[in-house]
Amino acid sequence: LFAPGADFLKGVVAMEGLPADDRVEVCFAGRSNVGKSSLINALTGRRGLARASNTPGRTQEINYFTLGETHYLVDLPGYGFANAPVAVVERWQRLLKRYLSGRAGLRRAFVLIDARHGVKKVDEEILTLLDRSAVTFQAVLTKADKVKARDLDRVLDQVRGALGPHPAAFPEIVLTSSETGDGIDVLRGIIATLP
Ligand code: GTP
Ligand code: MG
């Protein structure tokens, strides 16, 4: 699936701008700075692909990437950044709700969690929204290279505990590092074999 390569398609700010709902789609959600764009670059093997659209002031965009002829990878705007105006946050939440409930092709949401920090309160909101939208989601721990092996079990336990109450949660947690490439092939395999 990943061999033909990936390309930036478009940045979307409103439902009307979404591309045709005719491909298998996966999205990447997570707090600002958790490593969404870096993960998309690592998955596609194209350094700078996701960043290319990641210009300041465009952070509210849903960025679409085509993967081969059959898939979309979707980079969602980061949430939880400290100084965002209330109006911006509300606008983004409305768009996100409509996006999550309106895409037939959306097979799975990957919720990225910093492996150093585990699931935070701001993450809980999105997990609940995914439950309500009946979108299966899977936790992906990022920046694994920054965590000592002996601290990892504690974080994994915390994440498992946080996922427990969520019916839309997929039980397997993926541990990744965009820096070292750890877990990237595992995630590629998951995307390539989605039902
Ligand atoms: P927003 O677009 O603002 O929501 O952020 P993002 O989630 O797309 O994060 P981005 O990929 O831009 O990464 C944020 C910072 O974390 C950058 O400085 C990356 O180099 C760094 N980073 C991302 N992934 C990793 C990783 O696996 N390991 C390490 N050490 N650093 C990482
Ligand atoms: Mg980004």
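The protein is annotated in an unreviewed UniProt entry as Probable GTP-binding protein EngB of Roseivivax isoporae LMG 25204. A UniProt comment under Sequence similarities (unreviewed entry) is attached to the protein, and it reads "Belongs to the TRAFAC class TrmE-Era-EngA-EngB-Septin-like GTPase superfamily. EngB GTPase family." Quoted verbatim from the Cofactor (unreviewed entry) field of the UniProt record, the comment on the protein reads "Mg(2+)".

S.K.: Is there a simple way to think about the site of ligand 1 in this case?
M.R.: Close to ligand 1 lie 17 residues; G35, K36, S37, S38 and G78 are nearest. When residues of the shell around ligand 1 are assigned to their parent elements, the largest contribution, three residues, is made by helix α1 (residues 36-44). Of the residues belonging to the shell around ligand 1, the class tally is one nonpolar, eleven polar and five charged.

S.K.: How should I be thinking about the pairing of strand β2 (residues 24-30) in this particular structure?
M.R.: In the case of a regular strand, side chains alternate between the two sheet surfaces. Burial within β2 is extensive, with six of its seven residues counted as buried. Sheet topology note: the β2/strand β4 (residues 71-75) ladder contains five bridges and is parallel. Within β4, the position partnered with E25 by the bridge is Y72. In this sheet, strand β5 (residues 106-114) lies alongside β2 in parallel orientation, the contact comprising six bridges. The residue bridging E25 from the neighbouring strand is L106, located in β5.

S.K.: Just checking my understanding: could you explain the nonpolar core for this structure?
M.R.: Here is a general trend for soluble globular proteins: nonpolar side chains tend to be buried in one another's company. By size, the foremost hydrophobic cluster in this structure holds 42 residues, and its most contacted members are F28, V74, V111 and L112. Here this core takes six residues from β5, the largest share from any one element. What V111 contacts, discounting residues up to four positions off in sequence, is A29, G30, D123, I126, L127, F137, A139 and V140.

S.K.: Sorry, what's going on with unusual backbone geometry here?
M.R.: With the exception of glycine, the majority of residues adopt a negative phi angle, and the majority of peptide bonds are in the trans configuration. If you check the backbone angles, A134 has positive phi at about 55 degrees while not being a glycine. For A134, a count of 10 C-beta atoms within 10 Å puts it in the exposed group. Unusually for a residue other than glycine, K143 sits at a positive phi of about 60 degrees. With respect to the helices, strands and loops of the structure, K143 is situated in the loop between β6 (137-142) and α4 (149-163).

Thresholds, definitions, all that
- Residues numbered from 1 in each chain as written.
- Chains lettered and ligands numbered in written order.
- Predicted model: local features only at pLDDT ≥ 70, side-chain atom pairs only at ≥ 80, totals over all residues.
- UniProt positions renumbered as here; feature names shortened; annotations may be inferred.
- Near = placed C-beta within 6 Å.
- Helix = DSSP H or I, 4+ residues; strand = E, 2+ residues; numbered from the N terminus.
- Nonpolar A, V, L, I, M, F, W, Y, C, P; charged D, E, K, R; others polar.
- Buried ≥ 20, exposed ≤ 12 C-beta atoms within 10 Å, placed from the backbone.
- Pairing = 2+ DSSP bridges.
- Core = buried A, V, L, I, M, F, W, Y, C linked by C-beta atoms within 7 Å.
- Contact = placed C-beta atoms within 7 Å.

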